[in-house]
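Listed below are the residues making up each chain.
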Amino acid sequence: GMLVHKDLAENFLPQASKKLVAAGVELRGCERSCALVPEIKQASDDDWGTEFLELKMIVKVVDDMDEAIRYIDQYGSQHTEVIVTNSYVNGQRFLREVDASAVMINASTRFNDGGEFGLGAEIGISTTKLHAYGPMGLEELTTRKFIVYGEGEVRA
């Protein structure tokens, strides 16, 4: 989804929506976003938090960072979250407070990839925190077995 601060929405949303619609993306949104852009369809209750797995996107106008972070806490996938900002303070707050396997500032979500993070071939993705979180390479899919040979030694 795309969350847009209320102070930017009037100028940003029509421009962004035009490009997204031209690329074949169906936009669904809140009342405020629909009022600004006629191409945005009113989101249903089931749309919020849905991972569409197709060219559809939720658009929401938010009042502030608190509302954006609450939305992400409630509806985010814990996979990848991005903030686009020129505010160092807001970017750092986003990094601290948003819970996802990759949290980014001014970067594409496509960077959350095992190869990009130096894990080698990406074998899977985990949105749980036990035992791997985020892209998983071969190391995350293996376990250890410790073997100890002794001749009666004891731990001191």
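Structure report, in brief. (Residues numbered from 1 in each chain as written. Predicted model: local features only at pLDDT ≥ 70, side-chain atom pairs only at ≥ 80, totals over all residues. Heavy atoms only, no water.)

1. Observations concerning the nonpolar core
Here is the rule we go by: Only buried residues count toward a nonpolar core. Its members are Ala, Val, Leu, Ile, Met, Phe, Trp, Tyr and Cys residues joined through side-chain atoms within 4.5 Å. Any residue under 20% of the maximum accessible area for its type is buried, any over 50% is exposed, and the rest in between are partly exposed; the area is computed with a 1.4 Å probe on protein chains only. A run of H or I in DSSP becomes a helix once it reaches four residues, and a run of E becomes a strand once it reaches two; helices and strands are each numbered from the N terminus. Between two residues, a contact is recorded if the distance between any of their heavy atoms is within 4.5 Å.
In terms of nonpolar packing, the biggest core is built from 17 residues, with Leu13, Ile40, Trp48, Ile58 and Val59 touching the most fellow members. Of all the elements in the fold, those that place two or more residues in this core are strand S1 (2–5), helix H1 (6–22) and strand S4 (56–62). Tallying contributions element by element places S4 first for this core, with 3 residues. Beyond its immediate sequence surroundings of up to four residues, Ile40 is in contact with Ser17, Leu27, Arg28, Gly29, Ser33, Cys34 and Val59. Core analysis: the next-biggest nonpolar cluster, separate from the first, contains 6 residues, Met65, Ile72, Ile83 and Val98 among them.

2. Topic: unusual backbone geometry
The backbone of Gln78 shows a phi angle near 65 degrees, a positive value even though the residue is not glycine. Tracing the chain through its elements places Gln78 in the loop between helix H3 (65–75) and strand S5 (80–83). Look at Asn106: it is not a glycine, yet its phi comes out positive at around 55 degrees. On the secondary structure map, Asn106 appears in the loop between strand S6 (102–105) and strand S7 (124–126). Residue classification places Asn106 among the partly exposed residues on the basis of a relative accessible area of 46%.

3. A look at the packing of H3 against helix H4 (residues 88–97)
The condition that has to hold: All axes here are fitted lines through C-alpha atoms, helices being fitted over the stretch that makes contact, and every angle between N-to-C directions spans 0 to 180 degrees. To sort the angles, those under 35 degrees are grouped as roughly parallel, those over 145 as roughly antiparallel, those from 65 to 115 as roughly perpendicular, and the leftovers as oblique. By convention the crossing between two helices is left-handed if the near helix lies anticlockwise of the far one by an angle smaller than a right angle, and right-handed if it lies clockwise.
Contact geometry for H3 and H4: axes closest at 11 Å, N-to-C directions at 25 degrees. Considering the angle they form, H3 stands roughly parallel to H4. Note on packing geometry: the crossing formed by H3 with H4 is right-handed. Contacts from Met65, Asp66, Ile69, Ile72 and Asp73 in H3 reach Asn90, Arg93, Phe94 and Glu97 in H4.

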